[in-house]
Amino acid sequence: MNWFLVELEIDIYGKLSEVVQAENKDDCELITLHQTSKKYNCSKEIINIVSCKKIK
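The notes below deal with the structure included here.

Reading the values: the criteria
Residues numbered from 1 in each chain as written. Predicted model: local features only at pLDDT ≥ 70, side-chain atom pairs only at ≥ 80, totals over all residues. Heavy atoms only, no water. Helix = DSSP H or I, 4+ residues; strand = E, 2+ residues; numbered from the N terminus. Buried < 20%, exposed > 50% of the residue type's maximum accessible area, 1.4 Å probe, protein only. Contact = heavy atoms within 4.5 Å. Salt bridge = Lys/Arg side-chain N within 4 Å of Asp/Glu carboxyl O. Phe/Tyr/Trp six-rings, centres within 6.5 Å; stacked < 30°, edge-to-face > 60°.

### Details of the side chain of Ser 51
Locating Ser 51 in the fold gives a position in strand E3 (residues 47-55). Taking the relative accessible area as the measure of exposure, Ser 51 reaches 17% and is therefore buried. Excluding anything up to four places from it in sequence, Ser 51 contacts Leu 5, Val 6 and Glu 7.

### Quick word on the pattern of salt bridges
On inspection of all chains with the given rule, the structure shows 1 salt bridge. Residue Glu 18 is joined to Lys 39 by a salt bridge in which the shortest nitrogen-to-oxygen separation is 3.6 Å. Of the two residues, Glu 18 is situated in strand E2 (residues 14-22) and Lys 39 in helix H1 (residues 25-40); the sequence distance between them amounts to 21 residues. Judged by relative accessible area, which is 55%, Lys 39 ranks as exposed.

### What about the packing of aromatic side chains?
Taken as a whole and assessed by the stated rule, the structure comprises 1 aromatic pair. Measuring from ring centre to ring centre gives 4.7 Å for Tyr 13 and Tyr 40, while their planes differ by 45°; the resulting arrangement is tilted. Of this pair, Tyr 13 sits in the loop between strand E1 (2-10) and E2 while Tyr 40 sits in helix H1, and the two are 27 residues apart along the sequence.

Below, the structure is given as structure tokens:
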């Protein structure tokens, strides 16, 4: 598993950063969308992933 730093924007809350553990970048984005929508109780459609960088 790898660690990723994900920068995202939510229309209501603004810019946020999350650290996510995933196998690859695609999984990382899916996990981030799911966790963020659950955490902030918002739709996945208003979440925009700006960047997803692997942390060494």
